[in-house]
Structure formats: structure tokens, C-alpha cells
Amino acid sequence: MSVRLHWFLPTGGDGRTLVDRHAYSGGDRSGVTPVSGVRTPDIDYLAQIAKAAEHLGFEAVLTPAGTWCEDAWLTTAALAQHTERLKFLVAFRPGLISPVLAAQMAATYQRVTRGRLLLNIVTGGDSTEQRRFGDHLDHDQRYARTAEFLEVVRGVWGGKPYDFDGEHYQVAGGLTAVPPDPLPQIFFGGSSAAAGPVAARHTDVYLTWGEPPAQVKEKIDWIRGLAEREGREVRFGIRLHTIARDSSREAWAVADRLLDDLDPEAIAGAQQALGRSESVGQHRMLALHGGSRDQLEISPNLWAGVGLVRGGAGTALVGSHAEIADRIEEYHALGIEHFVLSGYPHLEEAYWFGEGVTPELAGRGLLADAPGNGRPAPGGAPLLVAGGR
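Since this is a predicted model, take the numbers as computed values, not measurements. (Residues numbered from 1 in each chain as written. Predicted model: local features only at pLDDT ≥ 70, side-chain atom pairs only at ≥ 80, totals over all residues. Heavy atoms only, no water.)

Some thoughts on the pattern of salt bridges
The following threshold applies: Throughout this description, the term salt bridge denotes a Lys or Arg side-chain nitrogen within 4 Å of a carboxyl oxygen of Asp or Glu. Summary of the burial criterion: residues with accessible area below 20% of their type's maximum are buried, those above 50% are exposed, and those between are partly exposed, where the area comes from a 1.4 Å probe applied to protein chains only.
One pass over the full model with this rule turns up 16 salt bridges. With a closest N to O distance of 3.6 Å, K219 and E211 form a salt bridge. Like E211, K219 is buried. For R245, the salt bridge goes to E349, with nearest N and O atoms at 2.8 Å.

The following block contains the structure:
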């Protein structure tokens, strides 16, 4: 099992700050303090990130889903025209559209991009966000619907008319004209008791947010055990931010600068809003730092500062290129195959990681692809520097 590296597309905006301007504003921007260095998610900037990710050897880029960002299907379909090999891990929320239509969209996307689609299922842990889409199911009902949704999608991809009679969906003769080839891998995350069986029965890759290794191992053991009862195998991935530099001192200086940007009001506002989330995974993220700036290095080179103001993935790997490679190797030894990474700003941090950490991983024999074919050769120095203000 090799390490597979993925990057992130900030379709809600990017910048040189951790302040997640969309996560807790509720759509009201009046109370959000303007910050410098903010980059809008226009197609030209996103294309720069996508091209950089492809050049640096990342396999795919993850796009988020929500009312606060651009639509993932449309944005990545456009970016596929700017890239040649890069895959797109498209996040979408089941239940907002017909599973038969979703299966058809995926099949078309797979043909148009020549097999570059991966799917990230976002069931949704925030009822407020779900109601913006007109979805009024509660947390556990949403996971039950997701299970039916994925069963229908896979059934419709079978190449012949498919019938389904469930609580949430009733389908008669559903099919796609031409099934996708290859079938898109399905990524899925969730830390609740309702989420585990869905991952075990229906998904290819279980994706967790970046917790300390011991907690990640507990999750892997949990999902692996559930999958074994279903007679299936599930692969594993982790979602992390990164701050990689030539030395540990430089990396932690960047983390300190990002932390210095956060005023107490921004942290309090974010923590209050994130604390209302129904997501078990989100509450696990919040528990890592407790809303405090103190003791944010919760495990060697694992920094919880991002989660002070950002929803979802709230931890970053911080350190020298070798130190971050050490941590990736540690997670890999637990069974993590897919590493979905990001950094602020995403363009510069992609280069820091791709030209610093990737050669370290290649030198240790952890990558499937040897340097070359789009991967930087070991020993290259970062070309773009994430500067301060």
C-alpha cells in the first residue's frame, strides 16, 4: 500500500489567514472583519492551484460542498479543461438530488474527463446548513438516507434496469445509459454511530479528520471491524492541513503568525457556531483544543490551531519536510493510504509540500510513482514562499 497524495481547491475563497469567513457568519458578512490578502475563488486562480497540484504530482484535488462555496460539479468540470491527469474529488450532499440523476451525472463526468472523477459523500452534520437546501431530516435520518442513496447509485451503475423500494427512495427501472468506466471511488466520512455502518457497507475509502494517531487507529479499527462483518474491505484516508518548511523553526513561525492573526472575538464567534453542530466529528475536533490557544500541539507536529476558527478539518502537520514525512509515515503505518491536504494560501503551500515533503516520501519508497512524470525530483527547493503581511 503506497501513500496517495491529494490537495484541496478553496472554492469558498483563499488567503493568508485562518479566518474562515464563511463558516460562522450565517451568510451575514456585516460582522466579519475584513482581512488583507483574501483571494476570490475565480476560475483563473483555481486553475493555478489545479495546475500546480498536477505539476507537483498530487493525484486529485478535493472540492467542498455547501452554500458558502462554488458548486463542485460545475467548477471541477471547468477545471478539467485546464488539466490533463488531475482527478477531482467532488463533494456533494446526497438527498438534494435524485440518486439516479447523480449516477447519471457521475457517468457523464467520468466520460467527459476520461476517468478523472472521485466522489466525496457529505451527509451533513449541520441542520442549519441542510435547511438552506430545503432538507429537514435530522442527523441519523440523513445517514439512513445516504445509505439508500449509495445503494441506488451503485445499483443504477450495474448496466441494467434497477428497482429499489426504501424509506427514502422508490425507483422503478433506474439506469444510466452507459455506466461509468471505471466506477468512481466513493469517499465518505463520519464519526457517529449512524455513520459507521454506511461506511462499512457502501464506501471505498473512509475519510477521517486529522486526530492524533492513537485516536485515528481507534477509528480505523472500528470501521474495519464493521466492514469485515459485511464481508467487505474499506481503505482509509485522512484530511489534514500542512505547514511545511525547510526547518521546524520556520514552520512553527508560520503557525505562530497565523495564530497571531486571530483576535479573541473571531475565535469566540467561531467556537460558538461550531459548537452547535450536530457532527460528532466536529465535536471531536473542538475537543482537541477546547477553544484555547494554549497547548495547541496536541501530538508531535500536529497543531490544532486551524480548528479555532475553521469548521471541518481543524489540524495541521507543522514542521520540517522530514518531520512531516515522519508523521505521514506514522499514519500510513496505521493503515492510512489517502492523504487529503491543504494549506493557507493553497497555491504557495502546495509548492512547499510538493517540493519539500514529496521528495522525502519518494526517497522512503512510500509513493507509487517515482519522481518524474510530474513529480519534483528530490532535493528541489521551494520556488514560492508564503510570505507574511
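A closer look at the packing of aromatic side chains
For the record, the criterion: Ring pairs are drawn from Phe, Tyr and Trp, using the six-membered ring of Trp, whenever the two centres fall within 6.5 Å, and their geometry is named by plane angle: stacked under 30 degrees, edge-to-face over 60, tilted for the rest. Note on conventions: DSSP H or I runs of at least 4 residues are helices, E runs of at least 2 residues are strands, and numbering of each starts at the N terminus.
All told, the structure shown has 9 aromatic pairs when counted by the stated rule. Look at W73 and F92: their rings are 5.8 Å apart centre to centre, the planes differ by 55°, and that puts the pair in the tilted class. In this pair, W73 sits in helix 2 (residues 72-79) while F92 sits in strand 3 (residues 87-92), placing the two residues 19 residues apart along the sequence. Residue class for W73 comes out buried when judged on its relative accessible area of 10%. Where W73 meets Y109, the ring centres are 5.8 Å apart and the plane angle is 70°; that geometry is what we call edge-to-face.

As for unusual backbone geometry
Of the consecutive residues D181 and P182, the connecting peptide bond is found in the cis state with omega at 0°. Considering the arrangement of structural elements, one finds P182 in the loop between strand 6 (170-174) and strand 7 (186-188). Residue P345 follows Y344 across a cis peptide bond; omega there is -5°. With respect to the helices and strands, P345 occurs in the loop between strand 13 (336-342) and helix 12 (346-363). Positive phi values are uncommon outside glycine, yet R114 reaches one of about 60°. Note on placement: R114 falls in the loop between helix 3 (99-112) and strand 4 (117-121).

Regarding the side chain of H139
Applicable threshold: Should any heavy atoms of two residues lie within 4.5 Å, those residues are counted as being in contact.
If you trace the backbone, H139 turns up in helix 5 (residues 139-156). On the basis of relative accessible area, H139 is assigned to the buried category, the value being 12%. Filtering out sequence-adjacent residues up to four positions away, H139 remains in contact with S192 and E278.

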